[in-house]
Amino acid sequence: MILTGGLSALRRLGLCTWLVVAADCRLAGLLGDAERAAVRGLLPNAAPWTQEVHLAVGEQLPALLTRWNTEPPAIRYVLACLAALYPQHGQQIVEDVAAMATEYAGRRLGSTCNSPKHSCVPTTRAR
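Residues numbered from 1 in each chain as written. Predicted model: local features only at pLDDT ≥ 70, side-chain atom pairs only at ≥ 80, totals over all residues. Heavy atoms only, no water.

A few words now on the pattern of salt bridges. Opposite charge on two side chains allows them to pair when their charged atoms are near. Tallied over the full model, the rule gives 3 salt bridges. Its salt-bridge partner being Arg12, residue Glu71 comes within 2.9 Å of it at the nearest N-O pair. With a gap of 59 residues between them, Glu71 in the loop between helix H3 (48-65) and helix H4 (73-84) and Arg12 in helix H1 (residues 9-23) connect regions that are remote in the sequence. Just as Glu71 is buried, Arg12 falls in that class too. Put simply, Arg36 and Asp33 hold a salt bridge, and the shortest N to O gap is 2.6 Å. With Arg36 and Asp33 both in helix H2 (residues 25-40), this residue pair falls 3 residues apart, about one helical turn. Overall, Asp33 belongs to the buried group, its relative accessible area being 10%. Through salt bridges with shared partners, one network takes in Arg12, Arg67 and Glu71. (Salt bridge = Lys/Arg side-chain N within 4 Å of Asp/Glu carboxyl O. Helix = DSSP H or I, 4+ residues; strand = E, 2+ residues; numbered from the N terminus. Buried < 20%, exposed > 50% of the residue type's maximum accessible area, 1.4 Å probe, protein only.)

Okay, here's the thing in structure tokens:
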């Protein structure tokens, strides 16, 4: 759905944000189990499903990153966050992320979301 471009930027932003949340469940699970594991002298464990989700999102990431140049800044920001969870894929956009950081230094993310070129917010409300 995200890759076809058939969804609005706002919907793509929401879906990409949920992918970050889903992909990060594994790390959150490990941190959540760290104290219990330390008390028992064990390594922390995350729920088994979290690894499956992390792998599934990672499989889709290369295709998502191919849209980098066509996505609005807010979505590129979320894609950069997602890529940070997968260093092997994130390496391919390091220069792009650095360029975006320079371009938008000192600006709030939302200030770039409503430009005519890159709208992430609907301009009219459905009734």
